[in-house]
Amino acid sequence: GKSDWKVWLSSVNLECRCGLRERAIVFAQDALDIHRGTGRLWAALIQLRHEDGEMSQMKVLKLALKSVPKSGEVWCEGARIALNPFCPTFDLQAASRHLVFAARFTPQYGDSFLEQLRLDMIGKWLVPLAEPFIENMYDTFLKSKKMVREKAYQFITQCTKKAADAMKAQLKRKPNSIAKDVVDTSELELHCCSANPNYGHLWFQCRVSPIDSAREVIAEAKDIMTNDIINYSYTYVAAMVRRAGIMMIIHHPEIVDSSGVENLYSNGVDFDRIVNQQLRLAPTLEVILSDKEVSGSMFVTGLTGSNKKWNTYSLAEKRRILFGSDSLVN
C-alpha cells in the first residue's frame, strides 16, 4: 500500500540483506512510483543497479536528478560511480563536483564527507604517482606516426598494464612510500562538524560510539581508508592512466584515425557526452588488468570491506550497519 517511504526503504534493505537483488529493485521501483521525491530511495536503486553496469546506473541517476535535484544522497551516488576505478567513465573531477552538491544539499548525510575523504587521499597520494606514467605515455604517443584506433587502444592497454604492474611492485617493496605525505583534513573536519551528520551506511561503519564527534568518525575512516587506498592503489593509478590515454586520443585526431567519430570541435557538440562515449568504447580496466582478485563491486563505496555480501559479516558488524552505534541496541 501507500506506506511511509521509510517502510519501503526498510523493505528494500531487507531484500538486499537476503541476497534478493531483483526483488529489491522491484520494491525500490514500486516505492518510487508512490514516493518519487525521496532521495534515499533513488540512491538505493542506483546502488542496486551496479551489477547491471555503469550505463544502467547513469540512466537511473539522470532520472533521480530530474526528480530530486537537491538530494545529497543521489549526488553522493553519482560521485561513487565516478570514483569507482572499474567504471569506464572514472573521473575524479566529476566526483569532486558531485560531492560539493551532496554536502551542500544534504549536510546531515555523513557518507558524502567520507567519500570526500577518499577523494582527498587519492588526490594527495595517487595522482602524483600516476603523473609520471601519464607523461611518459604522452611523450611516446606524440612521437608516433598516424595509427588506427585499435592500435591506439593496444598502446593505452600496454601503458595502463605497465603502470599497474609498477604500482604492484612498489606495494610489495615499499608499501609505506605510497602514503608518505600527510593528508590535511582540517577543513573537511571543520565543514563536517558544522554540518553534524547523523546517518549514512559508511558513517555508521566508522562511528564506534554513539557519542563520537565528527572528528572522531573522520579519524576512524581515515585509518580504514588509508589501508584500502594503499592496498588497491594500482587500480586507481591504472584507471587514471587509462582515462588520460583516451583523452589523449580524443585531443589528437591528427595521430589517431577518427573516422566514424563525431567531431568534438563542431558547433553544438556536447563535449562531455562524446568523451564518455569514447571512454565506454575503449577496453575496460577489468579487461586490461585481468585480475580475478579485484572487481568493480569492491569499490561501490569508499570502504572496500563494507562492500561484501551480507552473510559474510559478523553479528556485531550486522548490528552496527542496521542500528549504527545506538547504545540501547549494543
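Look up a bit, the structure's there.
Cut-off values and rules
Residues numbered from 1 in each chain as written. Predicted model: local features only at pLDDT ≥ 70, side-chain atom pairs only at ≥ 80, totals over all residues. Heavy atoms only, no water. Salt bridge = Lys/Arg side-chain N within 4 Å of Asp/Glu carboxyl O. Helix = DSSP H or I, 4+ residues; strand = E, 2+ residues; numbered from the N terminus. Buried < 20%, exposed > 50% of the residue type's maximum accessible area, 1.4 Å probe, protein only. 1 Å grid on protein atoms, 1.4 Å probe; cavity = no way out; pocket = protein on both sides within 12 Å on 5 of 7 lines; lining within 4 Å. Points joined across faces, edges and corners; volume = space filled by probe spheres on them. Nonpolar A, V, L, I, M, F, W, Y, C, P; charged D, E, K, R; others polar. Contact = heavy atoms within 4.5 Å. Core = buried A, V, L, I, M, F, W, Y, C linked by side-chain atoms within 4.5 Å. Phe/Tyr/Trp six-rings, centres within 6.5 Å; stacked < 30°, edge-to-face > 60°.

Peer 1: Any chance you could explain the pattern of salt bridges here in plain terms?
Peer 2: A side chain with one charge may pair with a side chain of the opposite charge, provided their charged atoms come close. On inspection of all chains with the given rule, the structure shows 14 salt bridges. The salt bridge partner of Arg 49 is Asp 52, with a shortest N-O separation of 2.8 Å. Residue Asp 91 pairs with Arg 243 through a salt bridge whose shortest N-O separation is 3.2 Å. Of this pair, Asp 91 sits in the loop between helix 5 (72–83) and helix 6 (92–105) while Arg 243 is found in helix 12 (residues 233–251), placing the two residues 152 residues apart along the sequence. Under the relative-accessibility criterion, Asp 91 is labelled buried at 14%. Classification of Arg 243 by relative accessible area gives buried; the value is 18%. Each of Arg 21, Glu 22, Arg 49, Glu 51 and Asp 52 takes part in a single network of salt bridges with overlapping partners.

Peer 1: Help me understand the layout of surface pockets, please; the structure alone is not making it clear to me.
Peer 2: It is a probe the size of a water molecule, rolled over the atoms, that shows where empty space is left. Of the pockets and cavities examined, the second largest pocket occupies roughly 690 Å³. Forming the boundary of the second largest pocket are 25 residues, of which Met 58, Arg 97, His 98, Asp 272 and Asn 276 lie nearest the centre. At the level of secondary structure, the elements contributing two or more residues to the lining of the second largest pocket comprise helix 4 (54–67), helix 5, helix 6, helix 12 and helix 13 (271–281). In terms of residue count, the dominant contributor to the lining of the second largest pocket is helix 13 (6 residues). Classifying every residue of the lining of the second largest pocket gives 11 nonpolar, 5 polar and 9 charged.

Peer 1: Just checking my understanding: could you explain the environment of Met 147 for this structure?
Peer 2: Within the element layout of this structure, Met 147 appears in the loop between helix 7 (111–142) and helix 8 (149–173). For the pair formed by Met 147 and Asn 276, sequence separation is 129 residues and the distance between their alpha carbons is 22 Å. Not counting residues within four places of it along the chain, the set of residues in contact with Met 147 comprises Phe 141, Ala 152, Ile 255, Val 256 and Asp 257.

Peer 1: Please clarify how the nonpolar core should be interpreted in this entry.
Peer 2: For soluble globular proteins, nonpolar side chains are generally found buried alongside one another. Residues Leu 114, Ile 122, Leu 126, Met 137 and Met 240 are the most contacted members of the largest nonpolar core, which totals 79 residues. Residues contacting Ile 122, with those up to four places away along its chain left out, are Leu 83, Leu 92, Val 127, Ile 229, Tyr 236 and Met 240. Counting residues in each nonpolar core, the second largest holds 21 residues, with Trp 8, Val 12, Leu 32 and Trp 42 among its members.

Peer 1: Where do I start with the packing of aromatic side chains in this structure?
Peer 2: Each aromatic ring pair is described using two quantities: the centre-to-centre distance and the angle formed by the ring planes. Taken as a whole and assessed by the stated rule, the structure comprises 8 aromatic pairs. For the pair Trp 75 and Phe 101, a centre-to-centre distance of 4.7 Å together with 40 degrees between the ring planes defines the contact as tilted. Note that Trp 75 is positioned in helix 5 and Phe 101 in helix 6, a separation of 26 residues in sequence. Given the relative accessible area of 30%, Phe 101 is considered partly exposed. Pairwise contacts between aromatic rings join Phe 86, Tyr 232, Tyr 236 and Phe 299 into one cluster.

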